There are 2 protein chains.
Amino acid sequence: MARIRVAVNGFGTIGKRVAEAISKQPDMELAGVVKTKPDYVAKYAVSSGIPLYAPSDRLDAFREKGIPVEGSLEDLLEKVDVVVDATPGGVGKEYKHVYERFGVKAIFQGGEKPEVAEVSFNTFCNYEEALGKKSVRVVSCNTTGLLRSICALSKIAKIKKVRATIVRRASDPKEVKRGPVNAIVPNPAKLPSHHAVDVKTVLPSLDIATTAVVVPTTLMHVHIVFAELEEEVTRDDVVSALEQTPRILLADAGLGLASTADLVEYARDLGRKRYDIPELVVWLDSVAVLGGREVIWMQAVHQESIVVPENIDAIRAVMEAAKSAEETIRITDRTLGLMSGRIP
Amino acid sequence: MARIRVAVNGFGTIGKRVAEAISKQPDMELAGVVKTKPDYVAKYAVSSGIPLYAPSDRLDAFREKGIPVEGSLEDLLEKVDVVVDATPGGVGKEYKHVYERFGVKAIFQGGEKPEVAEVSFNTFCNYEEALGKKSVRVVSCNTTGLLRSICALSKIAKIKKVRATIVRRASDPKEVKRGPVNAIVPNPAKLPSHHAVDVKTVLPSLDIATTAVVVPTTLMHVHIVFAELEEEVTRDDVVSALEQTPRILLADAGLGLASTADLVEYARDLGRKRYDIPELVVWLDSVAVLGGREVIWMQAVHQESIVVPENIDAIRAVMEAAKSAEETIRITDRTLGLMSGRIP
């Protein structure tokens, strides 16, 4: 069977990670990436052997800087089956008609509105809904994190209600013009926050309300989740369900994995590229069951990388290259070295 | 009627603020403060005209630095009716027997265990329980913040259940050896957190569970509260109840009071000493009612000053100098310039 030819439009935080993940898949071929700026990241792509393309009106800018490009976005789209749109939030929809014109299936990111695609997507919750679709939206990092644990929990009990608070990182590590530096910012101040709405694009019937604040850190988001269940469960049931779910790691604060900084240090010790943690990390210590039908826990989300495996799965879904979530998860997680269960 | 003679043991973050607040009360006299370290803060006390005392084994240290002291802790305790213990958390219990030996009533802080005093205290929830007691514990800043809004809400509907997340500041502004600098720290990682236990020292029958993380900021804590009620309320009911409660301010993020930094900037613009905000600040935008019986909101707690008015009230309670919460609130809030209602 021919490999799936994939383009990545955008080579920023998400695009560069998804591109490198595609190049590790046995059933995919990275046909090229598109960048608009002829900067050090463009040079990094070229020196990594990644075919570089640019929008047609930007080709001269690359030539002026002496950075070799293979051709235009349109040239690239002619060669591929699927494009992963990793342009900045809200920009993807501007490209939608271009992708359609070339008959290329498109994977959008969570920064786009749900209407951009036929289905909003998380591998663990609704893989089958994306099979054969022309366009799929991989939900945002925070929504992906919430969906991974919520869908894991829903395997052992029907979920009645979720109330969650998202403590967001202020900026990614390389963003030097964002804040806050010393403040806590309700974001949004008007409650409830849009994150619940985004979860409902995948799980429409879930009773969920979310709130969010931004705090001065760059490493990871943290979620605090209160979930009410229709049935009684024990703490062991919950821990066991999380342990058995791919892409979820259980961290023991008692062993020193007591903060997002400790998690990142562990990823650095593992030699992970860019210290990425595409797994959702749940603090084992935090998992508690109150009165049998209420589960609470804390989890950490690495905003730069958590959606990478779901992007890979989405490519397989639209191409019907894997018939089930289990099948794509097996390939994606093996090739990307994703772990599950307790750390270490 | 003779004024209440008060000593303050400890002149750190809380002690210096409580001491200065006492000196503004028409019915109280600040007999003196006790410090252990002969540092710039001791010199500040002397230059402010505050009678300075030290533990008897520390008197020489002060003399060596040329800082005049009036006498020992014991000398001071002989002259007073009440002592406010503002020593570091856990140290207060070591002084308990000293206070008792001198027949002096004692106000402890939330850093002590509840057993240190006859009653744990918040003016709005249980003022009458503290009347005439020998010892009272003013609960911590976070607990005080939670109790102010919870007891305000309980005036319009019986509260069935509270689930709250506390996003804690990493350090006070002057603490240079604390962190985190770049991390989110579950604190505690084991859920639920002790804050709910502390709330229950004042409201023993409330179903409350709390969680907490520490984040890199110095200004204020932020709480996100989910409360279920036994009765239906409207958003207007909730806003009105908060507006009518002393020591609660409603901040409009839409007017730019969108973060803890904005609240502090406003306090600075008001010319408030040390930019203190002893009021609990609730974000007006954040108040929402879900399905009639669930209220959610976000609030900010200025950790350095929120317990100051409650300390003043506690002094009146143990001396039976005000028969009701309303009576002491009226005096305390007028003398300290505390506000209520919407900002500005």
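Residues numbered from 1 in each chain as written. Chains lettered and ligands numbered in written order. Predicted model: local features only at pLDDT ≥ 70, side-chain atom pairs only at ≥ 80, totals over all residues. Heavy atoms only, no water.

An unreviewed UniProt entry lists chain A under the name Glyceraldehyde-3-phosphate dehydrogenase, with Pyrodictium abyssi as the source organism. Under the Sequence similarities (unreviewed entry) heading, UniProt states for chain A: "Belongs to the glyceraldehyde-3-phosphate dehydrogenase family." Quoted straight from UniProt, the Subcellular location (unreviewed entry) entry for chain A says "Cytoplasm". (UniProt positions renumbered as here; feature names shortened; annotations may be inferred.)

### So, a positive patch on the surface
Where like charges cluster on the molecular surface, the positive patch consists of Lys-160 and Arg-293 of chain A together with Lys-160 and Arg-293 of chain B. Its location among the elements puts Lys-160 of chain A in strand β9 (residues 159-169). (Patch = residues over 30% accessible without salt bridge, like charges linked within 9 Å, V, L, I, M, F, W, Y side chains within 5 Å. Areas by Shrake-Rupley, 256 points an atom, 1.4 Å probe, with all protein chains shown as cover. Salt bridge = Lys/Arg side-chain N within 4 Å of Asp/Glu carboxyl O. Lys, Arg positive; Asp, Glu negative; His and termini not counted. Charge placed at Lys NZ, Arg CZ, Asp CG, Glu CD. Helix = DSSP H or I, 4+ residues; strand = E, 2+ residues; numbered from the N terminus.)

### Quick look at the UniProt feature "binding site: NAD(+)" (unreviewed entry) in chain A
Residue and element names in this part refer to chain A. Here, UniProt's "binding site: NAD(+)" (unreviewed entry) annotation points to Thr-13, Ile-14, Gly-111, Arg-169 and Gln-303. Position of Gly-111 among the secondary structure elements: in the loop between β6 (105-108) and β7 (119-121). Along the polypeptide, Arg-169 turns up in strand β9. In contact with Arg-169, not counting residues within four places along its chain, are Arg-178, Val-214, Val-215, Thr-217, Thr-218, Met-220, His-221 and Gln-303. (Contact = heavy atoms within 4.5 Å.)

### Some thoughts on the environment of Ala-164 of chain A
Tracing the backbone through its elements, the reader meets Ala-164 of chain A in strand β9. Under the relative-accessibility criterion, Ala-164 of chain A is labelled buried at 0%. Considering only alpha carbons, one finds Ala-164 of chain A and Thr-201 of chain A, 37 residues apart in sequence, at a separation of 17 Å. Not counting residues within four places of it along the chain, the set of residues in contact with Ala-164 of chain A comprises Leu-146, Ala-209, Thr-210, Thr-211, Ile-224 and Val-225 of chain A together with Phe-226 of chain B. (Buried < 20%, exposed > 50% of the residue type's maximum accessible area, 1.4 Å probe, protein only.)

### With respect to the relation of the copies chain A and chain B
Comparison of the two chain copies shows a relationship of rotation about an axis with a shift along it. Each copy superposes on the other: chain A lies on chain B with an RMSD of 0.0 Å after a rotation of 180° and an axial shift of 0.0 Å. What we have between these two chains is a two-fold relation. In terms of C-alpha distance to the rotation axis, chain A has Pro-216 of chain A as its closest residue, with the C-alpha 2.8 Å off the axis. (Least-squares fit on C-alpha atoms with pLDDT ≥ 70 in both.)

### What about the interface of chain A and chain B?
With 45 residues of chain A at the contact, the number on the chain B side is 45 residues. Taken over both partners, the interface formed by chain A and chain B buries close to 3,300 Å², and the fraction arising from carbon and sulfur atoms is 70%. Our count for the contact surface shared by chain A and chain B stands at six salt bridges. Residues Glu-228 of chain B and Lys-161 of chain A are paired through a salt bridge, measuring 2.5 Å at the closest nitrogen-oxygen approach. Taken together, the elements giving at least two residues each to the side of chain A that touches chain B come down to β9, β10 (185-186), β11 (208-215), β12 (221-229), α10 (260-269), β15 (288-290) and β16 (294-301) of chain A. Here the side of chain A that touches chain B is built from residues that sort into 30 nonpolar, nine polar and six charged. (Buried area = accessible area lost by both parts, 1.4 Å probe. Nonpolar A, V, L, I, M, F, W, Y, C, P; charged D, E, K, R; others polar.)

### Things to note about the state of the cysteines
Following the criterion strictly, the structure yields two disulfides over all chains and no others. Here Cys-125 of chain A pairs with Cys-151 of chain A through a disulfide, and the sulfurs are 2.1 Å apart. Torsion about the S-S bond of the Cys-125 of chain A and Cys-151 of chain A cystine: about 120°, corresponding to right-handed handedness. With Cys-125 of chain A in helix α6 (residues 123-126) and Cys-151 of chain A in helix α7 (residues 141-153), this pair connects stretches of sequence that are 26 residues apart. In this structure Cys-151 of chain A comes out as buried when scored by relative accessible area, which is 8%. No disulfide involves Cys-141 of chain B; its nearest neighbouring cysteine sulfur is the one of Cys-125 of chain B, lying 15 Å away. (Disulfide = S-S within 2.5 Å.)

### A look at the packing of aromatic side chains
In the structure shown here, the tally under the stated rule is eight aromatic pairs over all chains. Here Tyr-95 of chain B and Tyr-99 of chain B contribute two aromatic rings whose centre-to-centre distance is 6.0 Å and whose plane-to-plane angle is 10°, an arrangement assigned as stacked. Of the two residues, Tyr-95 of chain B and Tyr-99 of chain B are both situated in helix α5 (residues 92-101); the distance of four residues between them amounts to about one turn of the helix. Residue Tyr-95 of chain B is classed as buried on the basis of its relative accessible area of 18%. Among the aromatic residues, those joined into a cluster by ring pairs are Tyr-95, Tyr-99 and Phe-108 of chain A. (Phe/Tyr/Trp six-rings, centres within 6.5 Å; stacked < 30°, edge-to-face > 60°.)

### Some remarks on the domain arrangement of chain A
All names here are of chain A. Partitioning chain A into domains gives domain 1 (4-139 + 307-336) and domain 2 (142-306). Computed from C-alpha coordinates alone, the two centres of domain 1 and domain 2 are separated by 26 Å. Each partner contributes to the interface: domain 1 provides 24 residues, whereas domain 2 provides 22 residues. Between domain 1 and domain 2, a total of about 1,900 Å² is buried, with carbon and sulfur atoms accounting for 51% of that surface. The largest contributions to the domain 1 side of the interface with domain 2 come from Arg-17, Phe-124 and Cys-125, which together make up 30% of the buried area. At the junction of domain 1 with domain 2, the criterion picks out nine salt bridges. With a shortest N-O distance of 2.7 Å, Arg-148 and Glu-310 are connected by a salt bridge. Summed over the shared surface of domain 1 and domain 2, the number is 14 residue pairs in polar contact (both at pLDDT 80 or more). Elements with a minimum of two residues in the side of domain 1 that touches domain 2: α1 (13-22), β7, α6, α11 (308-318) and α12 (325-336). Counting residues per element, the side of domain 1 that touches domain 2 draws most heavily on α1, which supplies five residues. (Domains from an automatic or database assignment. Polar contact = N/O pair within 3.5 Å; in protein donor to acceptor, adjacent residues only side chain to side chain.)

### Things to note about α5 of chain B
All names here are of chain B. Those residues of α5 that sit buried are Gly-92, Tyr-95, Val-98 and Tyr-99. Axial view of α5: buried residues confined to an arc of 105°, hence all on one face. Exposed and facing more than 90 degrees away from the buried side of α5 are Glu-100 and Arg-101. Following α5 by one or two positions, Gly-103 has its phi on the positive side, about 65°. (Arc of directions from axis to C-beta.)

### Looking at the pattern of salt bridges
Following the criterion strictly, the structure yields 50 salt bridges over all chains and no others. Residue Asp-198 of chain A is joined to Arg-137 of chain A by a salt bridge in which the shortest nitrogen-to-oxygen separation is 2.6 Å. Residue Asp-198 of chain A is found in helix α8 (residues 194-202), and its partner Arg-137 of chain A is found in strand β8 (residues 135-138); the two are separated by 61 residues along the sequence. Per residue, the accessibility class of Asp-198 of chain A equals that of Arg-137 of chain A, and both read buried. Among the charged side chains, a network of salt bridges with common partners joins Lys-161, Arg-163, Asp-207, Glu-228 and Glu-294 of chain A together with Lys-161, Arg-163, Asp-207, Glu-228 and Glu-294 of chain B.

### With respect to the environment of Val-239 of chain B
Residues and elements named next belong to chain B. Among the secondary structure elements, Val-239 is positioned in helix α9 (residues 235-243). Along the backbone, Val-239 and Val-18 are 221 residues apart, and their C-alpha atoms lie at a distance of 30 Å. Dropping the residues within four chain positions of it, Val-239 is found in contact with Leu-250, Leu-284, Val-287 and Arg-342.

### Some details on the environment of Pro-26 of chain B
Residues and elements named next belong to chain B. Note that Pro-26 resides in the loop between α1 (13-22) and β2 (28-34). Given a relative accessible area of 49%, Pro-26 falls into the partly exposed group. As a C-alpha pair, Pro-26 and Phe-11 span 15 residues in sequence and 22 Å in three-dimensional space. Apart from residues lying up to four places away in sequence, Pro-26 is in contact with Arg-3, Ile-331 and Thr-335.

### Focus: the UniProt feature "active site" (unreviewed entry) in chain A
Residue and element names in this part refer to chain A. Following the UniProt record, the feature "active site" (unreviewed entry) maps to Cys-141 here. Turning to its location among the elements, Cys-141 is positioned in helix α7. With residues up to four places along the chain from it excluded, the contact list for Cys-141 reads His-221, Val-301, Gln-303, Ile-306 and Val-307.

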